[in-house]
Amino acid sequence: MPPSALAENRQLDEDGRDVQYTDQKLIYFSSASEYTHRFVQKLNTGSARIPLFASEPELIATEPYVLLIPTYGGENGRRAVLPQILRFLRSEQNRQLLQGVIGSGNTNFGTAYCLAAKKISAKCHVPVLYTFELMGTSEDVLNVKEGLDTFWTLKSQKRT
Amino acid sequence: MTEKIKLTHKVEAINWNRIQDEKDVEVWNRLVNNFWLPEKVPLSNDIQSWGTLTEDEKLLTMRVFTGLTLLDTLQGTVGAVSLIPDALTPHEEAVYTNIAFMESVHAKSYSSIFSTLASTKDIDEAFRWSTENRNLQKKAQIIESYYYGDDPLKRKIASTLLESFLFYSGFYLPMHWSSRAKLTNTADLIRLIIRDEAVHGYYIGYKYQKGLETQSPERREELKDYTFELLFELYENEVQYTHDLYDPVGLSEDVKKFLHYNANKALMNLGYEAMFPAAVTDVSPAILSALSPNADENHDFFSGSGSSYVIGKAVNTEDEDWEF
């Protein structure tokens with residue numbers, strides 16, 4: 001983390017930017033097609049959604065969380081991480097509290113399948129926890145639901 | 001029959017600086033950036049590999065590709081064009097013209113494969129087969145009848161099922177060859193088509209759901225029932241078609257799993273729940289890995305299976321935006 005980036009983040013805060021804090025353990029992005037949103041609803045767990053438009057307040061995590069994000073294929077993997085997600089990850093606090101990534105996508109996109117999750121994993125040194133396609137099947141919902149429960153239980157045991 | 005296809009009535013100059021639906025711009029950009037032509041794929045490198053196939057395998061490959069040519073021709077010439085008059089925004093119309101053109105590129109690319117690998121006589125023979133195979137003709141006819149029908153949302157259902165389901169009995173074969181290190185350049189070309197079809201199915205399915213929002217609960221229920229009925233009708237025909245083609249090489253059972261897997265994805269593109277349970281969608285890992293080289297890693301940190309606790313390695317993090 002170059003210090004210049006740190007300063008830049010602070011500057012943003014001092015600018016009095018509209019910021020929204022969340023202590024949810026699951027933070028996700030979903031475009032207007034709402035696939036990811038629908039998947040998250042089926043998990044029946046607390047969550048926060050990264051804003052779609054730059055005019056909306058910036059989302060800042062206050063507790064450790066897992067990030068769930070889609071990848072839309074194409075452009076040979078370039079720009080796989082959407083600008084809204086990049087904006088979210090530019091916050092150092094958001095990067096520090098990130099514990100893992102779940103990716104959604106489509107195997108039709110070949111090597112770009114769930115690429116955004118893999119890129120974030122590599123960049124932020126957190127594991128890719130799970131990948132699934134489109135809105136996810138009922139098996140995916142179950143796997144992620146149970147997986148997250150176990151994941152957080154283990155984390156809390158480690159901490160104590 | 002043809003008189004039922006209408007042209008858009010009142011055309012206004014398209015203003016790309018006034019966007020009603022951001023999805024139109026996003027998908028337009030994605031399609032433009034994904035643009036490709038068959039001439040860029042070094043198909044001639046497959047000539048030697050083609051020579052290692054048995055006569056049965058060659059015949060199967062030719063037939064599968066003429067079947068795909070028919071579907072791409074239908075989608076390029078009628079399908080995508082038939083969606084234009086029902087578009088909700090002028091930008092949606094423009095996206096359909098892009099889709100229509102790309103389908104024509106796909107249709108032409110099979111001819112590039114043919115002319116590289118086969119003789120004129122074999123090519124003509126395969127095209128003759130495509131006009132005579134009952135199951136192939138039937139699937140084209142079922143879809144075509146909805147394109148000429150007068151229900152815009154049913155047209156989108158038929159179109160999404162074509163893009164996201166009907167191609168896959170054919171796409172299976174080049175993935176199979178690729179997993180055995182055969183016809184690998186042809187497989188590269190098919191992967192480009194597969195990538196395009198995913199964006200097409202996603203977009204048309206999205207527009208279907210947009211249209212659905214304005215409908216009454218009864219009508220929504222009717223369209224949902226209709227989707228599943230049409231899928232079943234097409235599925236039964238696909239099973240027949242699959243046995244027709246793949247029984248001689250013993251691959252039918254795995255192809256059917258691939259059909260189930262993709263039927264689920266087609267339903268999801270239309271906003272419905274997947275229908276086939278995991279027990280019948282377990283496509284052979286070799287095929288999945290030919291489709292998406294990293295999918296077989298099956299990131300499942302939760303269950304502890306697969307290559308799990310692997311932090312993604314340096315995967316193209318060249319994006320300028322990554323400098324935090």
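Reading the values: the criteria
Here the residue index of a chain counts from 1 through its sequence in written order. Working convention: letters from A go to chains and numbers from 1 go to ligands, in the order in which they are written. Only residues with pLDDT of 70 or above have their local features reported here, since the model is predicted, and side-chain atom pairs are shown and tallied only from 80 upward, although totals for entire chains, interfaces and linings are computed over all residues. Hydrogens are left out, water is left out, and the side-chain values use all remaining heavy atoms of the structure. Helix and strand definitions follow DSSP, with helices as H or I runs of at least four residues and strands as E runs of at least two, each counted in order from the N terminus. Residue burial is assigned from relative accessible area. The probe radius is 1.4 Å, only protein chains are included, and a residue is buried under 20% of its type maximum, exposed over 50%, and partly exposed in between. Note on contacts: a residue pair qualifies if any of its non-hydrogen atoms lie within 4.5 Å across the two residues. Calculation of accessible area relied on Shrake-Rupley with a 1.4 Å probe; when residues are assessed, cover is drawn exclusively from the protein chains displayed. Each Phe, Tyr or Trp ring (for Trp, its six-membered ring) is paired with any other whose centre lies within 6.5 Å, and the angle between the two planes then decides the class: stacked below 30 degrees, edge-to-face above 60, tilted in between. Distance and angle both matter: a charge sits over a ring if NZ of Lys or CZ of Arg is within 6 Å of the ring centre and within 35 degrees of the ring normal. The salt bridge criterion pairs a side-chain nitrogen of Lys or Arg with a carboxyl oxygen of Asp or Glu, the two atoms within 4 Å. What a helix should span is 1.5 Å times the count of its residues minus one. Pairs of N or O atoms are called polar contacts if they sit within 3.5 Å, as long as, within protein, a hydrogen donor faces a hydrogen acceptor (for residues adjacent in sequence, only side-chain-to-side-chain pairs). The term nonpolar core refers to a set of buried residues drawn from Ala, Val, Leu, Ile, Met, Phe, Trp, Tyr and Cys, joined through side-chain atoms within 4.5 Å. A residue's pLDDT is the confidence the predictor assigns to it, expressed on a 0 to 100 scale.

Draft legend 1. Geometry of the overall build of chain B. Looking only at helices and strands, chain B features 12 helices and zero strands. When the helices and strands of chain B are read in sequence order from the N terminus, they spell out α-α-α-α-α-α-α-α-α-α-α-α. The buried share of chain B, reckoned over its 324 residues, is 55%. Contacts in chain B between residues at least 24 apart in sequence constitute 81% of all its contacts with a sequence separation of at least 6. Working note: accessible area of chain B is about 14400 Å², and carbon and sulfur atoms make up 52% of it.

Draft legend 2. The packing of aromatic side chains, seen in detail. In the structure shown here, the tally under the stated rule is 21 aromatic pairs over all chains. Clustering of aromatic rings is evident, with ring pairs tying together F167, Y168, F171, Y172, Y246, F258 and Y261 of chain B. Above the plane of the ring of Y72 of chain A lies K23 of chain B, whose end atom (NZ or CZ) is 5.1 Å from the centre.

Draft legend 3. Layout of the pattern of salt bridges. Residue and element names in this part refer to chain B. For the structure on display, the rule yields 19 salt bridges over all chains. Of the charged contacts in the structure, one is a salt bridge between E125 and R128, with a shortest N-O distance of 2.4 Å. Of this pair, E125 and R128 both sit in helix 5 (residues 120-132), separated by three residues, roughly a single helical turn. Looking at E125, the relative accessible area reads 37%, which means it is partly exposed. Overall, R128 belongs to the partly exposed group, its relative accessible area being 39%. E238 is the partner of K139 in a salt bridge, and the nearest nitrogen-oxygen pair spans 2.9 Å.

Draft legend 4. Structural view of helix 7 (residues 152-166) of chain B. Residue and element names in this part refer to chain B. In this model helix 7 runs 20 Å from its N-terminal to its C-terminal C-alpha over 15 residues, within 8% of the 21 Å that 1.5 Å per residue would give. Taking burial as the measure, the 15 residues of helix 7 include 14 buried ones, the bulk of the element. The N-cap residue of helix 7 is D151: its side-chain oxygen and the backbone nitrogen of L153 are 3.0 Å apart.

Draft legend 5. Spatial organisation of the nonpolar core. Counting residues in hydrophobic clusters, the biggest one holds 77 residues, and the most contacted among them are Y110, F165, F171, I190, Y246 and F258 of chain B. A per-element tally of this core places helix 10 (residues 217-246) of chain B first, with 11 residues. Core analysis: the second largest hydrophobic core is formed by 29 residues, Y65, L67, L89 and M135 of chain A among them.

Draft legend 6. Quick look at the confidence of the model for chain A. In the predicted model, chain A carries a mean pLDDT of 87, and the fraction of residues at 70 or more is 86%. Low pLDDT, under 50, characterises residues 1-11 of chain A; the stretch is placed with 10 contacts to residues that sit more than four places away or in other chains.

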